[in-house]
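What follows is the residue order along each chain.
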Amino acid sequence: MPTIHYTDTAGSTVDVNANVGDSVMETAVRNGVPGIVAECGGSLSCATCHVFVREDQAEALPEMSEMEDEMLYGTAVDREDCSRLSCQIKITEDMDLHVTTPETQV
Ligand code: FES
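Attention in this report is confined to the structure presented alongside it. (Residues numbered from 1 in each chain as written. Predicted model: local features only at pLDDT ≥ 70, side-chain atom pairs only at ≥ 80, totals over all residues. Heavy atoms only, no water.)

**Focus on the overall build of the protein chain**
This is how it is decided: To qualify as a helix, a DSSP run of H or I must reach at least 4 residues; to qualify as a strand, a run of E must reach at least 2; elements of each kind are numbered from the N terminus. Only the C-alpha atoms count toward the radius of gyration. The rule for a globule is 2.2 Å times the residue count to the power 0.38.
Each helix and strand counted, the protein chain has three helices and five strands in total. Ordered by position in the sequence, the α and β elements of the protein chain form the string β-β-α-β-α-α-β-β. In terms of overall size, the protein chain behaves like a compact globule, its C-alpha atoms giving a radius of gyration of 12 Å where 106 residues would be expected to give roughly 13 Å. Along the longest, intermediate and shortest principal axes, the C-alpha atoms of the protein chain span 35 × 30 × 25 Å.

Structural data, given as structure tokens:
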């Protein structure tokens, strides 16, 4: 089963078993993981689902769309090379993904 590990800026981690086809954002919201607001519900118009993907895993993810790239310039905490919008990361079979949530989303 895919697993997503969400770590906050204080270093606490929540490990969540995820369903294939859901997004990393949906998985967080459904499981009450703090640190992901997801105001727009995943329609790529809020940038409050910003996460930092562990660097060695960021490159292995499918490339972001132009729209996601643009939206990442509007995050509350500045984007980094490993920044993604978690509503755009789809869970795949055997995914074992580590993400860190930013200090704030708004
Ligand atoms: Fe709004 Fe991801 S939930 S952009």
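There's more to say after this.
**Some thoughts on the pairing of strand β3 (residues 50–53)**
Remember that side chains alternate between the two faces of the sheet whenever the strand is regular. Where we set the bar: Throughout this description, buried means an accessible area under 20% of the type-specific maximum (1.4 Å probe, protein chains only), exposed means over 50%, and partly exposed covers the range between. Between any two strands, at least two bridges found by DSSP are needed for them to pair.
Here β3 shows two buried faces, one formed by H50 and F52 and the other by V51 and V53. As judged from the three bridges shared by β3 and strand β4 (residues 83–85), these two strands associate in the antiparallel manner. Opposite F52, over in β4, you have S83 as the bridge partner. Across two bridges, the pairing between β3 and strand β5 (residues 96–100) is antiparallel. Its bridge partner lying in β5, F52 is registered against T100.

**With respect to the pattern of salt bridges**
We count it as follows: Any Lys or Arg side-chain nitrogen located within 4 Å of an Asp or Glu carboxyl oxygen qualifies as a salt bridge.
Counting across every chain of the model gives four salt bridges. The shortest N-O distance in the salt bridge between D56 and R54 comes to 2.7 Å. For R54, a relative accessible area of 38% puts it in the partly exposed group. Notably, a salt bridge pairs D69 with R79, separated by 2.8 Å at the nearest N-O pair. Taken together, the positions of D69 in helix α3 (residues 66–71) and R79 in the loop between α3 and β4 put the pair ten residues apart, joining distant regions of the chain. Exposure remark for D69: the relative accessible area of 29% places this residue in the partly exposed category.

**Structural notes on the side chain of S83**
What counts here: Within 3.5 Å is the distance limit for a polar contact, defined as a pair of N or O atoms, with the added protein rule that one can donate a hydrogen and the other accept it, and that residues adjacent in sequence qualify only through two side-chain atoms.
You can see S83 is positioned in strand β4. In this structure the side chain of S83 is engaged in a polar contact, spanning 2.8 Å, whose partner is the side chain of H50.

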